[in-house]
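Listed below are the residues making up each chain.
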Amino acid sequence: MSYGRFLLKRGLQGVVVVWGVVSIVFVLRFITPGNAVDAVAPLDASPELRERIAAELGLDQPLYVQYLDYLWELLNGDMGYSYISGIEASQMVFSKLPATIELAVASSIIAIGLSIPLGVISATRRHEPADYAATTFSLVGISTPNFWLGIMLILLLSVQFGIFPTSGRAFGFIEAFRIAANQGVGAGVDAFYQWLRFITLPAVTLGTYFTALITRLTRSGMLEELGQSYVRATRAKGLPESLIRYKHALRNTLIPVITVLGLQLGTLIGGAVITESVFSWPGLGTTLINAINTRDWPILQATLVVIGTGFVIVNLVVDAVYAYLDPQVVAE
Amino acid sequence: MISPRTLRNLRKELRSSALAKIGIVLVLAMILIAAFAPFIALHNPTNQNLDENNLPPMGFSRTTEETTSEMVNGSLELTNETVYVNASASHPMGTNSLGQDVYSRAVYGARTSMMVGVLGTLLAAVLGVSVGLVAGFYRGRVDDALMRFADVSLAFPSLVLAIALIGLWGRAAVDVPDPFVVLGLVDPVRSALGLPTGMPDSFVLPGTVIVVVGLVNWVWFARIARGEALSIREEEYVKAARALGASDARIIGRHVLPNATTPILVLATIQVAAIILLESSLSFLGFSGTTLSWGFDISQGRAYLSTAWWIATVPGLAIVLAVIGVNLVGDWLRDALDPGIEGEGVSEMADEILKVRNLTTRFFTEEGQVNAVEHVDFDVRDGEVFGIVGESGSGKSVTALSLIDLVETPGRITEGEVWYRDADLAEEHRDSHPEAVDGDYVDVRQLPEATRRWLRGPAFATIFQDPMSSLNPSITVGEQIAEAVEVQRRARANPRRTRSRTQGYGLGRLIAGAVLPSQSYVSEESEERAVELLERVGIPDPEQRAEEYPHEFSGGMLQRAMVAQALAGEPDVLIADEPTTALDVTIQAQILNLLTELQEEEDMSVVLITHNLGVIARMCQRVGVMYAGEVVERGSLEDVFENPVHPYTEGLLGSIPDIEDPAPRLSPIEGNVPSLLDAEMGEKCYFADRCPKAMTSCLTDIEEHEAPAATDDTDHLVRCILADREYDESEALGSAAKQG
Amino acid sequence: MSDKDSPDVSQRKFLGFAGAATATAVAGCGGNGGTDTATDQPGGDTDEPTDTPTGDDTPTERPEPETRDGYLQRANRVAHEQAPWVFLNRQYSVYGKSADIEWQARADEFIDAYAISPATDSGDDVVINQSQMDSGLDPQDHRATPTDNIVMQAYEKLLDRDREGAILTSLAEDYSRQEDGVVRFHIRDGVSFHSGDNLTPEDVAYSINRIVDPDTGIASPQQDQLAGVTGAEVVDGERAVDVMSDGLNPIVFSLFASYGPIVNKSWIQANENAYINQNIDGTGPFVLETYEQGVEVVFNRNDNYWKEAADISSLTITSASESSTRVNSLLSDEADIIVNVPPQEVSRVEENDGSSIAATPSTRVIFNAMRYDVEPFDSPEFRQAVNYAIDLESIVQNVLSTFGDQTAQPTLDGFFGFNGDLDPYPYDPEQAEALVEESGYAGVEVELHTPVGRYLNDVEIAQAVAGYLDDLENVTASVNQRDFQALAGEVTDGDIETSPHWYLLGWGTRPSTRVRP
């Protein structure tokens, strides 16, 4: 199978999964106690008004009609309007998306940037202090709840030392770019500096678990790879050790690491929800919790659909990278 | 389900790992605390005492500026007052803002965490394993549908889904009567211990949380169970059971489940840790049915971080310790039950215009020191094929690895010299390392690591037994050969041998290489040379094959590729370690022909390591026979094969296998190769136990002796007293000695 | 008209215990007159469950009070005996304030940014960090203080109040009573909306009708805030609006000092609800700059304001439900005003160089409501037991560190209907246990629903209350932490069935004694 066909196949599977995601959200609504009309209707709605609202929402239709309507509206990018503020759900969710993506990307960068060298050092200097330090860090890292870590970081670095802001987000990365473009380099640098100050603690909080996890995976993967025959054979042909470690062993280590990362992406988003809550980071997580608390169905629905679809898309990317790194995947 | 072997592994792993011990202690402590909470807690965890709120833990005192307000004429006046609060012995970890005992709350919090962790995992496991087994066992559409459903549920992060479900379904909780209270044990015991009575008579199980964590985590179990079911379904004995009419349920229960136990157990442990974290996150966010939870206490303590840090710190540490404990137990189970990753199985292998002297390599394992190669001497001449023959475990492969300095930990070359002839190299090191230079010879072992590495390729090249595992599966064959060419090309371009090749390939280059082809390590010339080399070793259509990955090659073709790779450095010595063992017979002959042909054309020396006497007979000019880490007899092929002196050699030659016979294992002599554990060895002839001609002096005389050579160009050396004297039955070692 | 089962309705409801007529008085109680003896019901309670278990028995024994104040006092006394609620405390508004600004807290909890002036250069851009964000910017489609604090920086009312509660003119420059049930407001000239449209009497009439008449645009939850008002119409030939109300309603003026934001008719009619909820076209001193729902609202000074422009040039309102987050934001100079500084953090704010505490007794009373129609709260004995079980003094002392007053009734000292004879229930757990036995509900389990972060130490007060009740031998009590908007929604949704059985909320008594959660 060619790489292109492989991608196409995975893409089609992804579409099926997205359809499943969307359907589950639909089902979720019907296995949830409480009537949608209650949430939408004005406080003093008469029975007639309630009926009218039910009809407007299409709730008087047979279930399959409602389902098809729902799919059709989703396809048109229509996810309804917030029961609370009347704002279009898609607009609301997509306006929060950049904050969450920024947070997820920043913490991934921290995690990958730290963990892979750590894992490699740990594996290649087994039983040396560096290894013990790295393994201890990774053990504690995967065992520490991130909300607790976030609180402690705020206490220490924001409250005690005042290095970072305690919470919130000044503006997005893109806005920082815009400032740089509109107001010159000085203002731009300052904007990025501000952006960085705000995102650092949340990103570190969210990234720690992943740094720890990937360090562990990289370490054990490297140890396994370095024990493989081809490594010895590669050494025997006189390649420099760094080339053996990075190009040969690490590359093969990264293959399973990437798979696990893809699967753990959910944990990353879940972690983002709680990190956002600790740092009042205005992203999808905060939106989700608000929507649940206020039973704002359209928003909740839109959030879940966007998170689920995002997960599927990122996993497609992971699959593509995976297949690129490991040619056997395409063959199978 | 858990075999004695598994138990042995568990015990062994536990003995050797301090971390596993810590993990077990932590988990046991947590379980005991959770179970016996009513006896361990100092107070009823929900009893409040507002007059004793925010008491510091033992050893601390609290000094705060406390501001109180008073309404004076409708406006507020604030008064500051410095308050000193001392710890109270009855609240060792302090109290929270409601005066509840922080320690007792942490103790009861352990109950919630453990119950949710265990019950949630159980539910997830039962659900997941059932689904996975059904999917894996019935395959087809059922499998497709179930796995697609699993994909879909994976798309919702577990915390997100849990929040959504709990938020929508409510936070139902179940009151479970505390068995100890019901049995009337708590109050008497507590009174006897002098503790306050009145502990809660029931404890709140956050039902929705347990159901939800089960529902959001089943997928992982389903995947594992499915994988196991898929593979086991194809096993012969399962097929046989089906043929005999066993029901599906029986097959799943008897065959599939037991095999899946290990991975499921390991996963379950990891899940317990994950669920404990998930539960604490949920209760931190207020999505739990109970207030006796670590996460809840952290959310409460958050408002008091600056004044009463202990409120949030104690439960936080409790979570960290509990999860560390469970994770460590998980690691322990994984290492013990699935020893693949950290296992340090020492694969025995080894090898090089060469004078090898007194080469000794030992492995320092947990069981003790293993003397894999002991005082080995031999020479390899220009343009000859030197064979090393011996049974498995005789140390011949470790000898090969020792020659190229690739013995892996826990092994180490402890002694010996490898003198390699290279006039330039000798000149270069004559001043810096005088002890390593003798005429044109350089003792490779005394050169710096960088130089030694540099010699791999142009001085010594190696071909290993299994070509498939000797190539990186994820890099094209052409590129791997090109790497070998490139490394030499770069070395020549920069003659500072010690530096040139150690520089520069790190993570940055890996990424750059992945993105920009121009940044990759190998140059185009090297790639072209790689194609030439492939052609040279007889691979048809080399340009096309160079682009292919190892899995696209047949075994014979791969071994040719390995040879091509070895040729890349134009080596002086080619070490071939069991080059044909993994191949089928006709291919073996082709590879051997290729080696002979190349050896003649390239004027290399070859060290050929094999257990196959036929191969030796066909290929070699001279040969060394290894036994128990020693070269027991060496000399020209004629001397050794036609006039063997050592009884072991004789035994080996007892049945000369011919080249067409794969002869996988040589065991021509009764008995086994002795343990190479140092403790069990001692100063004697190691073969004496098995030797039909063993004599009493064999226990003392272990020198190497010169035997009469049939040919005059070589020495014929034997590590056996029979080289000097005849067998004398009167001095024969008794049968007792043999058995000993 | 129908009504909402909001806390004030419930307030009325408990007054129903004291006799039907008194409800009127509560609904119509004004700050400016003490002699009215209103007898009809401006609010009307037509939809409301009127059957109460004991409603008709008690009051008949007492002589009918002569005055409205008397009605209220009697209502408070009866309510005290029937104990449908636990009155916990009068909350103090405890704000943290940065040294960069000058500002004084108001008793009605509105943070009037127009009254803020910079003390330093950096005080020119003010950031307020409150506990919640808005639920949309439509000024007439909400009824919660956090939203008011946002939208009322940009919208204005006909009348206004100063810090002490005295009535001021605002968009109306004058008002007079025309006849019974008709009050005429003269609309100020030269006022323009942020969009540039001039304020007209049509806008005013439309605004009032949009609130009181569900057929005008939206069904406004503020309908009962203008209780009694039936409609408004433009006066021909005059720059004035007549406001009609049911019968004699002496308090219409004061209602319009607290309620009734004025919107731009053409702007409202031209736009979708979603747009109205994300944009502002008011007449107030601040103009909306950016609106990020649930995150941040930024205003700039309105330089075309009809009064002198505000002192500060920009105003940002943001929120954090976690009190420590708010305090941290103040201490690290990220915010200039924060709401609800918890008592344990007060000294931290005070000791910090750049910040101080601005505290004032608020008009908000924190209470626990018990639904009289469900077990076990249908038993007066049980409700009294709940009152006896709680050590209010200790809660005020330890949970609130004295930042609150005990109270025994919904009416504050100095307001109409305050009954000086009433004392809070004493802390008497034995009596409480005995009453629980008497009620027949021994062994019952109850759950207290509380908002998180809405009021000063709300969760802890709730925990302490539940803890005291749980300490009784024969009751088990726990706390359910809820999102404020969800909880308030259940309580105010007009259906008593959806309300939690036992919940904590606070009502703010504005000078008109109207109530806002």
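It should be emphasised that the depicted structure is a prediction, and the values quoted were computed from it without experimental measurement.

Engineer: Honestly, the overall build of chain C in this entry has me stumped. Any pointers?
Structural biologist: Scanning chain C from terminus to terminus reveals 15 helices and 20 strands. Going through the 517 residues of chain C one by one, you find that 66% of them count as buried. For chain C, contacts bridging at least 24 residues in sequence account for 70% of all contacts bridging at least 6. For chain C, the accessible area works out to roughly 17,100 Å², and carbon and sulfur atoms hold 41% of it.

Engineer: Teacher, can you tell me more about the sheet that holds strand 8 (residues 411-421) of chain B here?
Structural biologist: Through backbone hydrogen bonds, the strands of a sheet pair up, either in parallel or in antiparallel fashion. All names here are of chain B. Read from one edge of the open sheet, 5 strands run 6-5-8-10-9, paired in antiparallel fashion. Looking at strand neighbours, the two that pair on one side only are strand 6 (368-380) and strand 9 (437-438), the edges of this open sheet. Across 8 bridges, the pairing between strand 5 (residues 354-365) and strand 8 is antiparallel. Opposite R357, over in strand 8, you have E417 as the bridge partner.

Engineer: Would you take a moment to explain the interface of chain A and chain B for this structure?
Structural biologist: By a frequent convention, interface size equals the accessible area lost on bringing the separate parts together. Listed as interface residues are 78 residues of chain A and, on the opposing side, 83 residues of chain B. Each partner contributes to the roughly 6,900 Å² buried at the junction of chain A and chain B, and carbon and sulfur atoms together form 69% of this total. In terms of surface lost to chain B, no three residues of chain A exceed R232(A), K237(A) and K247(A), which account for 11% of the buried area on that side. Remark: the boundary between chain A and chain B carries 1 salt bridge. With a shortest N-O distance of 2.4 Å, D331(B) and R216(A) are connected by a salt bridge. Joining chain A to chain B, the criterion identifies 8 residue pairs in polar contact (both at pLDDT 80 or more). Broken down by element, the side of chain A that touches chain B gets its largest block of residues, 19 residues, from helix 10 (residues 241-279) of chain A. Classifying every residue of the side of chain A that touches chain B gives 49 nonpolar, 17 polar and 12 charged.

Engineer: Would you mind going over the UniProt feature "transmembrane region" (unreviewed entry) in chain A with me for this structure?
Structural biologist: In this structure's numbering, the residues bearing the UniProt feature "transmembrane region" (unreviewed entry) are residues 12-31, 103-124, 136-163, 195-214, 254-279 and 299-325 of chain A. Split by type, residues 254-279 of chain A is 100% helix and 0% strand. Its first and last C-alpha atoms lie 32 Å apart.

Engineer: It is not clear to me how the pairing of strand 11 (residues 460-463) of chain B should be interpreted in this structure. Could you clarify?
Structural biologist: Residues in a regular strand project their side chains so that they alternate between the two faces of the sheet. Residues and elements named next belong to chain B. Here strand 11 shows a buried face lined by F460 and T462 and a second buried face lined by A461 and I463. Of the pairings in the sheet, the one linking strand 11 to strand 12 (residues 573-577) comprises 4 bridges and is parallel in character. The residue bridging T462 from the neighbouring strand is I575, located in strand 12.

Engineer: Would you explain the packing of aromatic side chains in this entry?
Structural biologist: All names here are of chain C. Under the definition given, this model contains 30 aromatic pairs over all chains. For the ring pair F382 and Y441, a centre distance of 6.2 Å and an interplane angle of 90° mean the geometry is edge-to-face. Here F382 is found in helix 11 (residues 380-389), whereas its partner Y441 is found in the loop between helix 13 (429-439) and strand 17 (444-451), with 59 residues between them in sequence. As far as burial versus exposure is concerned, F382 and Y441 are alike and both buried.

Engineer: Sorry, what's going on with a nonpolar patch on the surface here?
Structural biologist: The grouping of V27(A), I31(A), L123(B), L127(B), W169(B), V211(B) and L215(B) at the surface amounts to a nonpolar patch, some 510 Å² of accessible area in total. Those elements giving two or more residues to the nonpolar patch turn out to be helix 4 (102-138) and helix 9 (207-233) of chain B. Checked against the element boundaries, I31(A) lands in the loop between helix 1 (3-30) and helix 2 (36-40).

Conventions we followed
Residues numbered from 1 in each chain as written. Chains lettered and ligands numbered in written order. Predicted model: local features only at pLDDT ≥ 70, side-chain atom pairs only at ≥ 80, totals over all residues. Heavy atoms only, no water. Helix = DSSP H or I, 4+ residues; strand = E, 2+ residues; numbered from the N terminus. Buried < 20%, exposed > 50% of the residue type's maximum accessible area, 1.4 Å probe, protein only. Contact = heavy atoms within 4.5 Å. Areas by Shrake-Rupley, 256 points an atom, 1.4 Å probe, with all protein chains shown as cover. Pairing = 2+ DSSP bridges. Buried area = accessible area lost by both parts, 1.4 Å probe. Salt bridge = Lys/Arg side-chain N within 4 Å of Asp/Glu carboxyl O. Polar contact = N/O pair within 3.5 Å; in protein donor to acceptor, adjacent residues only side chain to side chain. Nonpolar A, V, L, I, M, F, W, Y, C, P; charged D, E, K, R; others polar. UniProt positions renumbered as here; feature names shortened; annotations may be inferred. Phe/Tyr/Trp six-rings, centres within 6.5 Å; stacked < 30°, edge-to-face > 60°. Patch = residues over 30% accessible without salt bridge, like charges linked within 9 Å, V, L, I, M, F, W, Y side chains within 5 Å.

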